[in-house]
Amino acid sequence: MMSASDQHLPAYVALSERIAALKAAGICYQCHDLATGELFGDQTVIADNARIRIVLDPNPKSRGHTIVVWKPHQADFSELEPGETAELFVRCTELANAIKRGLGAEKVYLVTMCDGEPNHLHIRLIPRYAGEPIGSKRFVAPRSPIGNAEATATAIRNALPD
Ligand SMILES: [Zn+2]
């Protein structure tokens, strides 16, 4: 999912190449990371429980670009049971509202693709701020190295319900 504008981020390229290598070997990169922390161990965690881990994207498209990982292995959202769908979507709703309250985002977009085998269910929440272009332009916005990750995570965390 890299675009030409992502090529200047060496850490992002290196991570993408490692994920591609794991996929080529038939290994689920997310289950591998949940077991080892090798890939994403340095990401900033906003919240974490037995089934859902919420982290900041280290190369965000906007401040507060967040990844919601469903920990049990499912390839994508179509495999979820209704109760699991409810749990995950309620958490995403809480998180979107926390991003609005905590960071002042005007709108939060939710996207999930998880295409290409093997893959592992995760959802991206991408904030849009006042004055930024609306709609699909946000999905192709360039990535930038994250700055003030802990301050961003704290602002979101403090706005999340317990
Ligand atoms: Zn997995």
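These numbers were taken from a predicted model, which means no experiment stands behind them. (Residues numbered from 1 in each chain as written. Predicted model: local features only at pLDDT ≥ 70, side-chain atom pairs only at ≥ 80, totals over all residues.)

Description of the overall build of the protein
Here is step 1 of the chain: Within the protein, the regular secondary structure consists of four helices and five strands.
Here is step 2 of the chain: Computed over C-alpha atoms, the radius of gyration of the protein comes to 15 Å, within 12% of the 15 Å expected from 2.2 N^0.38 for 162 residues, which places it in the range of a compact globule.
Here is step 3 of the chain: For the protein, the spread of C-alpha atoms along the principal axes amounts to about 45 × 40 × 30 Å.
Here is step 4 of the chain: Buried positions account for 22% of the 162 residues belonging to the protein.
Here is step 5 of the chain: The long-range fraction of contacts in the protein, counting pairs at least 24 apart against all pairs at least 6 apart in sequence, stands at 61%. (Helix = DSSP H or I, 4+ residues; strand = E, 2+ residues; numbered from the N terminus. Rg over C-alpha atoms; globule rule 2.2 N^0.38 Å. Buried ≥ 20, exposed ≤ 12 C-beta atoms within 10 Å, placed from the backbone. Contact = placed C-beta atoms within 7 Å.)

Some points on the pairing of strand β2 (residues 52-56)
Here is step 1 of the chain: Sheet analysis places strand β1 (residues 45-48) next to β2, joined by three bridges and oriented antiparallel. Looking at the pairing, D48 lines up with R53 of β2.
Here is step 2 of the chain: Connecting β1 to the next strand, β2, in antiparallel fashion are three residues.
Here is step 3 of the chain: Taken together, the five bridges between β2 and strand β3 (residues 66-70) define a ladder with antiparallel strand orientation. Directly across from L56, in β3, lies its bridge partner T66. (Pairing = 2+ DSSP bridges.)

With respect to the UniProt feature "domain: HIT" (unreviewed entry) in the protein
Here is step 1 of the chain: Annotation from UniProt places "domain: HIT" (unreviewed entry) at residues 30-135.
Here is step 2 of the chain: Segment residues 30-135 splits into 27% helix and 25% strand. End C-alpha atoms: 28 Å apart. (UniProt positions renumbered as here; feature names shortened; annotations may be inferred.)

Looking at unusual backbone geometry
Here is step 1 of the chain: With an omega of -15°, the peptide bond running from E117 to P118 counts as cis.
Here is step 2 of the chain: The backbone of N148 shows a phi angle near 50°, a positive value even though the residue is not glycine.
Here is step 3 of the chain: N148 gets classed as exposed once you count the C-beta atoms within 10 Å, which come to 11.

Some remarks on the sheet that holds β2
Here is step 1 of the chain: Taken in spatial order, the five strands of this open sheet run β1-β2-β3-β5-β4, and their pairing is antiparallel. The open sheet is flanked by β1 and β4 (107-111), the only strands paired with a single partner. On average, each strand axis in the sheet is inclined to that of its neighbour by 15°, with strand direction left out of account.
Here is step 2 of the chain: Bridging between β4 and strand β5 (residues 122-128) involves five bridges; their strand directions are antiparallel. Opposite Y109, over in β5, you have I126 as the bridge partner. (Axes fitted to C-alpha atoms, helices over the stretch in contact; angles between N-to-C directions.)

Digging into the environment of Q30
Here is step 1 of the chain: Relative to the helices and strands, Q30 is located in helix α2 (residues 29-36).
Here is step 2 of the chain: Residue class for Q30 comes out buried when judged on the 23 C-beta atoms lying within 10 Å of it.
Here is step 3 of the chain: Q30 sits 92 residues away from H122 along the chain, and the two C-alpha atoms are 9.2 Å apart.
Here is step 4 of the chain: Apart from the residues lying within four places of it in its own chain, the contact partners of Q30 are V69, H120 and H122.

Observations concerning the packing of helix α3 (residues 82-103) against helix α4 (residues 149-159)
Here is step 1 of the chain: With their axes 8 Å apart at the nearest point, α3 and α4 run at an angle of 115° to one another. As for the relative orientation of α3 and α4, their crossing is right-handed in sense. For the pair α3 and α4, the contacting residues are A98, I99, R101, G102 and L103 in the first and T152, A155, I156, N158 and A159 in the second.
Here is step 2 of the chain: Tallied by class, the residues present in the contact of α3 with α4 amount to six nonpolar, three polar and one charged. (Left-handed = near helix turned anticlockwise from the far one by under 90°. Nonpolar A, V, L, I, M, F, W, Y, C, P; charged D, E, K, R; others polar.)

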